[in-house]
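# Descriptive analysis of the structure
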Amino acid sequence: MRNTVILTSDACLGHEPGYDHPECPERLIAVRDALVTPEFEDLVWKHAPLGTREQLLLVHTPEYIYRIESLKKTFGRVPLDGGDTIMMSGTWDCVMSCVGAACMGVDMVMKGKADNIFCATRPCGHHAEPDRAMGFCVFNHAAIGAAWAVHKYPNDIKKVATIDFDVHHGNGTQDAFYHRPEMLYCSTHQSPFYPGTGAKYETGIDHNIVNVPMARGADSKKFRNAMQYEILPAVKRFNPDLIFISAGFDSHYKDMLGGFQFTDDDFYWVTKEIMKIADECCDGRIVSVLEGGYGLEGLASGTAAHVRALWGK
């Protein structure tokens, strides 16, 4: 069994985009409920702190941070990107808890307090670009966590790989790391689909971006082939000192926003394959951050399969 720690915060329930919005507090409740069954009763849970401005500045511009912070006591709901991404009074502590969880996860695995981490936080973050909110995402937690690792542990962390299996391409993570050769970003995603990025030819400054777009309806076989023959070999060649996972479960066949046909077994399998590389390259150090997943049943069962694998079951 691995020493797997779940990081979460009740502050992540305070962001309420509104009636019928798919990125709702019930998502986190479903994830938590899936991880407090008798099967997971021995899991270790920790409270995620608020992130810091220092951590935000590793990815986001000062102007953008100021804009979001200036809205933290707002009354009502303020659209940040035309309506998909909403800011309200509870949003600041919510998204800062996501940042705090990702960075705390790095600290815990680097200090030997955990083998791997799952950040049970919301909203998702991988669409947030350095200077703007997008696609339900305000700050890019996975990108900030990866940047924090290189910043805080320069003697031990020279390279970080981020693997993203959300149904949507993580344009924000790609944008943040496109010109940073010490960062590898790898993504499987539906295309054509929101946000319209993630083409094969988008390869970064040093082939540090690996995109594998797949058509709507992609199933387990196509997903596993993409991972086995493109994503995982790229990660292994990169030989990272730490691995982040952008764990999006909207690629589950039960998700109403996505068009993929992935199963719980696929999430279990890919997590185990990533763990094998982590064991070879970086002493098993993995920090996984919850991204999408809007059909609550698929989100819950997919997350359980992912954490089951991280835990070593």
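Residues numbered from 1 in each chain as written. Predicted model: local features only at pLDDT ≥ 70, side-chain atom pairs only at ≥ 80, totals over all residues. Heavy atoms only, no water.

### Concerning the overall build of the chain
Note the threshold: To qualify as a helix, a DSSP run of H or I must reach at least 4 residues; to qualify as a strand, a run of E must reach at least 2; elements of each kind are numbered from the N terminus. Every radius of gyration here is taken over C-alpha atoms, with the globule rule written as 2.2 Å times N^0.38, N being the number of residues. Only protein chains enter the accessibility calculation, which uses a 1.4 Å probe. A residue is then buried if its area is under 20% of the maximum for its type, exposed if over 50%, and partly exposed in between. The contact criterion used is simple: two residues touch if any of their non-hydrogen atoms lie within 4.5 Å. To measure how exposed things are, a 1.4 Å probe is used in the Shrake-Rupley method; for residues, cover is taken only from the protein chains shown.
Secondary structure summary: the chain contains 9 helices and 10 strands in total. Its C-alpha atoms give the chain a radius of gyration of 17 Å, near enough to 20 Å, the size a compact globule of 313 residues would have. Among the 313 residues that make up the chain, the fraction classed as buried is 61%. Of all intrachain contacts in the chain linking residues separated by at least 6 positions in sequence, the fraction that spans at least 24 positions is 76%. As presented, the chain carries roughly 11800 Å² of accessible surface, and 51% of it is formed by carbon and sulfur atoms.

### Structural notes on the pattern of salt bridges
Our working definition: One speaks of a salt bridge when a side-chain nitrogen belonging to Lys or Arg is within 4 Å of a carboxyl oxygen belonging to Asp or Glu.
With the rule as written, the count across this model stands at 16 salt bridges. Across the pair R2 and D279 runs a salt bridge, and its minimum N-O distance is 2.8 Å. Of this pair, R2 sits in the segment before β1 (4–8) while D279 sits in helix α8 (residues 264–281), and the two are 277 residues apart along the sequence. By relative accessible area, which is 26% here, R2 ends up partly exposed. The shortest N-O distance in the salt bridge between R122 and E23 comes to 2.8 Å. Taken together, the positions of R122 in the loop between β5 (116–119) and α5 (141–152) and E23 in the loop between β1 and α1 (25–34) put the pair 99 residues apart, joining distant regions of the chain. Across the pair, E23 and R122 agree in class, each one buried.

### Notes on the sheet that holds β5
Paired through their backbone hydrogen bonds, the strands of a sheet run either parallel or antiparallel. Short version of the rule: Paired strands, as defined in this entry, are two strands with at least two bridges between them according to DSSP. Here an axis means a line fitted to C-alpha atoms, over the contact stretch when the element is a helix, while the angle between two N-to-C directions is reported on a 0 to 180 degree scale.
With parallel pairing, the 8 strands of this open sheet are ordered in space as β2-β1-β5-β10-β9-β6-β7-β8. The open sheet has two edge strands with one neighbour each: β2 (44–47) and β8 (209–214). This sheet shows a mean twist of 15° between the axes of neighbouring strands, independent of strand direction. Where strand β7 (residues 183–190) meets β8, 6 bridges bridge the pair, whose relative direction is parallel. The residue of β8 that forms the bridge with H189 is P213.

### Considering α8
Quick note on the threshold: One fewer than the residue count of a helix, multiplied by 1.5 Å, yields its expected span.
In this model α8 runs 26 Å from its N-terminal to its C-terminal C-alpha over 18 residues, within 8% of the 26 Å that 1.5 Å per residue would give. Where α8 is buried, its residues meet β5, β6 (160–164), α7 (220–238), β9 (242–247), β10 (286–290) and α9 (296–311). Directly beyond the C-terminal end of α8, a positive phi value near 55° is found at D283.

### Some points on α1
The buried fraction of α1 is high, at 7 of 10 residues. For α1, the full list of buried residues reads P25, R27, L28, A30, V31, R32 and A34.

### Details of the side chain of S9
Of note, S9 is situated in the loop between β1 and α1. Other than its neighbours up to four places away in sequence, S9 contacts L28, R32, H47, A48 and S97.

### Section: the side chain of S251
To be explicit about the condition: Contacts described as polar in this section are N or O atom pairs within 3.5 Å, which, within protein, must combine one atom able to donate a hydrogen with one able to accept it, while residues neighboring in sequence count only if both atoms come from side chains.
As for its placement among the helices and strands, S251 is situated in the loop between β9 and α8. A relative accessible area of 0% means that S251 is categorised as buried. A distance of 3.2 Å separates a polar atom in the side chain of S251 from the backbone oxygen of G248. Look past the residues within four positions of S251 in its chain and what remains in contact with it is F165, V167, F260, Q261, F262 and F267.

### Description of the packing of aromatic side chains
Given two aromatic rings, one states the distance between the centres and the angle between the planes to describe the pair. Threshold: Each Phe, Tyr or Trp ring (for Trp, its six-membered ring) is paired with any other whose centre lies within 6.5 Å, and the angle between the two planes then decides the class: stacked below 30 degrees, edge-to-face above 60, tilted in between. Only when the NZ atom of a Lys or the CZ atom of an Arg is both within 6 Å of the ring centre and within 35 degrees of the ring normal do we say a charge sits over the ring.
The final tally for this structure, using the stated rule, is 9 aromatic pairs. Residues Y64 and F139 carry aromatic rings whose centres are separated by 5.9 Å and whose planes lie at 85° to one another, so their mutual orientation is edge-to-face. Taken together, the residues span a long stretch of sequence, with Y64 in helix α3 (residues 62–70) and F139 in the loop between β5 and α5 at a distance of 75 residues. Residue Y64 is classed as buried on the basis of its relative accessible area, which comes to 3%. On the accessibility criterion, F139 (0% relative accessible area) is buried. Centre to centre, the rings of F165 and F267 are 5.6 Å apart; their planes meet at 40°, and the pair counts as tilted. Highlighted residues: F165 in the loop between β6 and α6 (171–177) and F267 in helix α8, separated in sequence by 102 residues. Neither residue differs from the other here; F165 and F267 are each classed as buried. One aromatic cluster in this structure is built from Y64, W92 and F139. When the ring centre of F238 is taken as origin, the NZ or CZ atom of K159, which lies over that ring, is 5.0 Å away.

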